[in-house]
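This is what each chain is made of:
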Amino acid sequence: MPGTPQRRIITVLAATTATLASFAIAPAAHAVDLREATSALAVGGRYQVMRINHTGDITAELAAATKSAASASQPRVVSLPAGTVKLTAQIRVANNVYLVADPGTTVVLSKSADQLLWFNAVNGGVYGGIWDADGKASSVIGTKASTVRVANVTVRNAKKNGIVGYARTQLTLADVTSTGNANDGVHVAEASRLTASNVRAVKNRRNGLQLSSGASGTITDSALDNNGLAVTGSTTGKVGHGLGVASARATVTNTSMSSNKVCGASLTGSVEITLARSTLSGNGRHGVGTTAGVKATISDSVVSNNRYNGVLASGSGTHVRLASVTISGTSRHGLSVPSKGSATLQGSTITTSGRSNISVSDKGTLSVDSENRLTDGKAEGITVTGQSKLTVNGTGNLVRANRASGLVVSGSGTSGRITKSVTFEANRKYGILVKTKGKLATVTNSFVKNKSATIYKQSGGKVTKI
């Protein structure tokens with residue numbers, strides 16, 4: 001009949017340009033390059049193309065296009081037009097179905113739903129456009145037990161998390177922005193696996209990106225900045241981090257975790273993380289915060305101007321290794337090792353801390369390897385208290401121009417052992433102060449222009465030579 005919408009499905013090769021398959025009579029602009037989109041979604045070989053050719057409310061058309069499964073050998077690509085389109089219900093995406101939106105497409109959810117897009121036990125993906133939950137769905141893109149790729153997409157305004165992965169989902173994000181969500185920008189849990197590159201999880205009310213409950217993630221070239229917008233007043237015990245890792249594993253490279261209301265990276269529970277060539281600056285609490293049980297290696301990174309500690313290595317079983325890291329401008333300690341935590345320092349600089357550059361307390365343990373610089377702290381270079389232990393085994397270490405002593409070892413049961421000479425230079429009090437029954441065993445060190453004695457013992461402090 002004249003005027004009746006025609007529905008056609010065209011099967012194309014991935015290397016060719018798709019032909020129209022319409023749900024509506026009037027044509028609409030489709031500027032997206034399907035070859036680029038399918039490549040980003042790892043769709044190769046032959047695939048079906050279905051186009052929705054009008055703006056406004058597309059709920060019925062999109063639900064129909066995504067309802068039935070396609071075959072793995074011939075997946076279905078559903079293309080949305082440029083402009084603003086509206087959804088009034090959750091879209092459940094069937095197996096081997098992929099959504100491709102024009103760069104100028106904005107998809108807005110106008111009625112309440114659990115998720116805007118839902119992938120459950122399927123292979124699928126989303127490319128292009130802005131997907132806006134408008135505060136009406138718990139998540140914008142939800143995945144469960146699925147393999148899902150999301151590329152060149154902005155998600156925003158979820159009631160909880162922008163993108164979620166549960167139940168061993170394999171989730172790949174590339175060139176994705178997640179912002180304005182009430183909880184986390186990206187939340188991956190339940191032994192799911194995340195691969196993220198060029199992700200901007202910014203300005204969310206809780207965390208930028210969260211890995212939990214046995215999840216694992218590889219994060220590269222990303223920005224996890226300006227999160228924790230719901231946090232007001234004190235940051236104690238609050239959640240508002242760039243990266244949260246809780247009983248999970250992560251490898252993070254070339255990523256910014258800065259200007260978050262609480263920590264740049266918060267590591268809790270049984271965590272294994274490698275963090276390299278990254279920046280953690282201007283956060284409201286720690287650059288890196290930990291609880292018991294964390295294993296972390298941080299290398300070739302910058303940690304600056306955080307409002308509590310630059311790096312906190314806290315709790316029994318925690319060990320943080322710093323290699324070629326620069327920590328500066330921290331309001332309290334550049335490196336704090338309390339509560340039976342431990343840390344190793346190699347080739348790093350800690351400078352201009354508001355208190356001691358390094359504090360080791362409450363049975364903490366610090367090992368200092370070679371070529372470290374501890375300078376210009378507003379108190380001591382290193383303070384060791386509370387039955388803690390310091391060991392210096394490396395060469396070329398410099399403790400310079402701190403406003404109090406270079407090294408303080410204080411308290412019964414507190415000990416230090418220096419097996420390679422350290423240079424203590426231009427500190428405003430003592431080069432080394434051992435007091436209150438603290439003990440230090442040391443080789444001969446180099447003392448240059450410290451204001452007071454080279455080594456001073458006070459209130460039962462004991463120093464022995466190696």
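Let us look at the structure shown here. In this text, all values refer to a predicted model and were calculated from it rather than measured experimentally.

1. Description of the overall build of the protein
Thought 1: What the protein contains, in helices and strands, is two helices and 47 strands.
Thought 2: C-alpha extents for the protein along the principal axes are approximately 100 × 40 × 30 Å.
Thought 3: Residue burial in the protein is summarised as follows: out of 466 residues, 55% are buried.
Thought 4: Restricting the contact set of the protein to residue pairs at least 6 apart, pairs at least 24 apart contribute 55%.
Thought 5: Surface exposure of the protein reaches about 17600 Å², of which carbon and sulfur atoms provide 47%.
Thought 6: Averaging the locations of the 51 positively and 21 negatively charged side chains of the protein gives two centres separated by 10 Å.

2. A word on the sheet that holds strand S30 (residues 326-328)
Thought 1: Spatially, the eight strands line up as an open sheet ordered S24-S27-S30-S33-S36-S39-S42-S45, and their pairing is parallel. Whereas interior strands pair on both sides, the edge strands pair on one side only; in this sheet they are strand S24 (279-281) and strand S45 (446-448). The sheet shows a mean angle of 5 degrees between the axes of neighbouring strands, taken without regard to direction.
Thought 2: Both S30 and strand S33 (residues 349-351) contribute to a ladder of three bridges, which runs parallel. Residue pairing for S33: Ser 328 is matched across the bridge by Thr 351.

3. Thoughts on unusual backbone geometry
Thought 1: Phi angles above zero are rare outside glycine, and Ser 247 is one such case at about 50 degrees.
Thought 2: As for its placement among the helices and strands, Ser 247 is situated in the loop between strand S20 (243-246) and strand S21 (249-253).
Thought 3: With a phi angle near 50 degrees, Asp 362 is a residue other than glycine that sits in the positive phi range.
Thought 4: Along the chain, Asp 362 falls in the loop between strand S34 (358-360) and strand S35 (365-368).

4. What to know about the side chain of Thr 177
Thought 1: Within the secondary structure, Thr 177 sits in strand S15 (residues 170-179).
Thought 2: Setting aside anything within four residues of it in sequence, one finds Thr 177 in contact with Val 153, Thr 154, Val 155 and Arg 200.

5. Points about a positive patch on the surface
Thought 1: Positive charge collects at one region of the surface, where Lys 378, Arg 403, Arg 428 and Lys 451 lie side by side.
Thought 2: With respect to the secondary-structure elements, Lys 378 resides in the loop between strand S36 (373-375) and strand S37 (382-384).

6. A short note on the packing of aromatic side chains
Thought 1: All told, the structure shown has two aromatic pairs when counted by the stated rule.
Thought 2: Ring geometry for Tyr 430 and Tyr 456: centres 4.6 Å apart, planes at 5 degrees, overall stacked. You can see Tyr 430 sitting in the loop between strand S42 (422-425) and strand S43 (432-435) and its partner Tyr 456 sitting in strand S46 (residues 455-458), a full 26 residues away along the chain.
Thought 3: On the basis of relative accessible area, Tyr 456 is assigned to the partly exposed category, the value being 33%.
Thought 4: Sitting over the face of the ring of Tyr 308, Arg 285 holds its NZ or CZ atom 4.1 Å from the ring centroid.

7. Digging into the pairing of S21
Thought 1: In this sheet, S21 lies alongside strand S19 (residues 216-220) in parallel orientation, the contact comprising five bridges. The residue of S21 that forms the bridge with Thr 220 is Thr 253.
Thought 2: Alignment of S21 against strand S23 (residues 271-276), held across five bridges, turns out to be parallel. The partner of Thr 251 across the bridge, within S23, is Thr 274.

About the cut-offs
Residues numbered from 1 in each chain as written. Predicted model: local features only at pLDDT ≥ 70, side-chain atom pairs only at ≥ 80, totals over all residues. Heavy atoms only, no water. Helix = DSSP H or I, 4+ residues; strand = E, 2+ residues; numbered from the N terminus. Buried < 20%, exposed > 50% of the residue type's maximum accessible area, 1.4 Å probe, protein only. Contact = heavy atoms within 4.5 Å. Areas by Shrake-Rupley, 256 points an atom, 1.4 Å probe, with all protein chains shown as cover. Lys, Arg positive; Asp, Glu negative; His and termini not counted. Charge placed at Lys NZ, Arg CZ, Asp CG, Glu CD. Pairing = 2+ DSSP bridges. Axes fitted to C-alpha atoms, helices over the stretch in contact; angles between N-to-C directions. Patch = residues over 30% accessible without salt bridge, like charges linked within 9 Å, V, L, I, M, F, W, Y side chains within 5 Å. Salt bridge = Lys/Arg side-chain N within 4 Å of Asp/Glu carboxyl O. Phe/Tyr/Trp six-rings, centres within 6.5 Å; stacked < 30°, edge-to-face > 60°. Lys NZ or Arg CZ within 6 Å of the ring centre and 35° of its normal.

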